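# A structural walkthrough
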Amino acid sequence: DTAVSQTPKYLVTQMGNDKSIKCEQNLGHDTMYWYKQDSKKFLKIMFSYNNKELIINETVPNRFSPKSPDKAHLNLHINSLELGDSAVYFCASSHPIGGASGNTIYFGEGSWLTVV
Amino acid sequence: GDSVTQMEGPVTLSEEAFLTINCTYTATGYPSLFWYVQYPGEGLQLLLKATKADDKGSNKGFEATYRKETTSFHLEKGSVQVSDSAVYFCALDRDDKIIFGKGTRLHILP
């Protein structure tokens, strides 16, 4: 069974469209994340949720809105897609939060978004 | 703020060569340190970690030692294989998020 699964894996869409990427984890983790990986492979955190509550919201355009219906799911909705949104988006989960115990993050396989 | 700096790639080596990928960090306190690996077309996987000073993480022949005095966590492997070709990310854990370096692409030639 896949621990962190995200869909779709590939998405090609036109500018101005609205799209969603879904993520689910079956690890029983409390914390879930969305990371964006740009064309230079740089990984940057976008959002983090703990038990359905938003705890990290980096400087991300308002067009990006995460939704966590329960602690096993964290979906990413993107409005009015722009060319610069083209990237690989990684969902991840961890338990517990905090650094003392060595917070291992488990990643999904990524969703390749191409905006044309 | 906290940050991770790792050597820029790509790094190209012949099979069975010795590998070092440098990583240094800036952080207050004592973060946990990690190496993640991303194989072509895949997500990231934890390779190894260390949670306190002088700890050594190891996995699949890779090793890294948490050096507080030099704020470093260099990744090493004695004899690389073609299958080690991937992008390697150094990272630190600060409170409720993990901060990644920019990644180092490794090419191993047969």
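Please refer to the structure placed before this passage.
This text gives an overview of the structure that appears in the document. Predicted model only: the values in this text are computed from it and were never measured.

All names here are of chain A. Across the sheet, four strands lie side by side as E1-E3-E8-E7; this open sheet has antiparallel pairing. Lying at the two open borders of the sheet, with one neighbouring strand each, are strand E1 (4-7) and strand E7 (64-70). Direction aside, neighbouring strands of the sheet carry axes that sit 20° apart on average.

With that settled, consider the nonpolar core. Grouped together as the largest cluster of nonpolar side chains are 27 residues, with contacts concentrated most on Trp35, Leu47, Leu48, Phe73, Leu75 and Tyr88 of chain B. Elements supplying a minimum of two residues to this core: strand E2 (11-14), strand E3 (19-21), strand E4 (23-26), strand E5 (32-38), strand E6 (44-50), strand E8 (62-65), strand E10 (86-94) and strand E12 (104-109) of chain B. Counting residues per element, this core draws most heavily on E10 of chain B, at four residues. With residues up to four places along the chain from it excluded, the contact list for Leu75 of chain B reads Leu19, Thr20, Ile21, Trp35, Leu47, Leu48, Phe62, Glu63, Ala64 and Tyr88 of chain B. Val4, Cys23, Tyr89 and Cys91 of chain A belong to the second largest nonpolar core, which has 20 residues in total.

Take the sheet that holds strand E9 (residues 75-77) of chain B next. All names here are of chain B. Reading across the sheet, the four strands line up as E3-E9-E8-E7 and stay open at both edges, with antiparallel pairing between neighbours. A single partner strand is all that each edge strand has here, and the edge strands are E3 and strand E7 (56-59). Each neighbouring strand pair of the sheet contributes to a mean axis angle of 15°, computed without reference to strand direction.

To continue, consider the interface of chain B and chain A. Counting from both sides, the interface comprises 22 residues of chain B and, opposite them, 26 residues of chain A. Carbon and sulfur atoms make up 57% of the surface buried where chain B meets chain A, a total of about 1800 Å² over both sides. On the surface where chain B and chain A come into contact, there are zero salt bridges. Here chain B and chain A share one residue pair in polar contact (both at pLDDT 80 or more) between them. For the side of chain B that touches chain A, the secondary-structure elements that each account for two or more residues are E5, E6, E10 and strand E11 (97-100) of chain B. Broken down by element, the residue count for the side of chain B that touches chain A peaks at four residues, all from E5 of chain B.

Turning our eyes to something else, we now look at the pattern of salt bridges. One pass over the structure, following the stated rule, counts seven salt bridges over all chains. Between Arg63 of chain A and Asp85 of chain A there is a salt bridge whose closest N-O contact spans 2.8 Å. Of this pair, Arg63 of chain A sits in the loop between strand E6 (53-57) and E7 while Asp85 of chain A sits in the loop between strand E8 (73-78) and strand E9 (87-94), placing them 22 residues apart in sequence. Residue class for Arg63 of chain A comes out buried when judged on its relative accessible area of 15%. With a closest N to O distance of 2.8 Å, Lys77 of chain B and Asp84 of chain B form a salt bridge. As far as the burial class goes, Lys77 of chain B and Asp84 of chain B line up, both buried. Linked through salt bridges whose partners overlap, the residues forming this network are Arg63, Glu82 and Asp85 of chain A.

Definitions and limits used
- Residues numbered from 1 in each chain as written.
- Chains lettered and ligands numbered in written order.
- Predicted model: local features only at pLDDT ≥ 70, side-chain atom pairs only at ≥ 80, totals over all residues.
- Heavy atoms only, no water.
- Pairing = 2+ DSSP bridges.
- Helix = DSSP H or I, 4+ residues; strand = E, 2+ residues; numbered from the N terminus.
- Axes fitted to C-alpha atoms, helices over the stretch in contact; angles between N-to-C directions.
- Core = buried A, V, L, I, M, F, W, Y, C linked by side-chain atoms within 4.5 Å.
- Buried < 20%, exposed > 50% of the residue type's maximum accessible area, 1.4 Å probe, protein only.
- Contact = heavy atoms within 4.5 Å.
- Buried area = accessible area lost by both parts, 1.4 Å probe.
- Salt bridge = Lys/Arg side-chain N within 4 Å of Asp/Glu carboxyl O.
- Polar contact = N/O pair within 3.5 Å; in protein donor to acceptor, adjacent residues only side chain to side chain.

Such coordinate-based values are descriptive only and should not be taken to indicate function.
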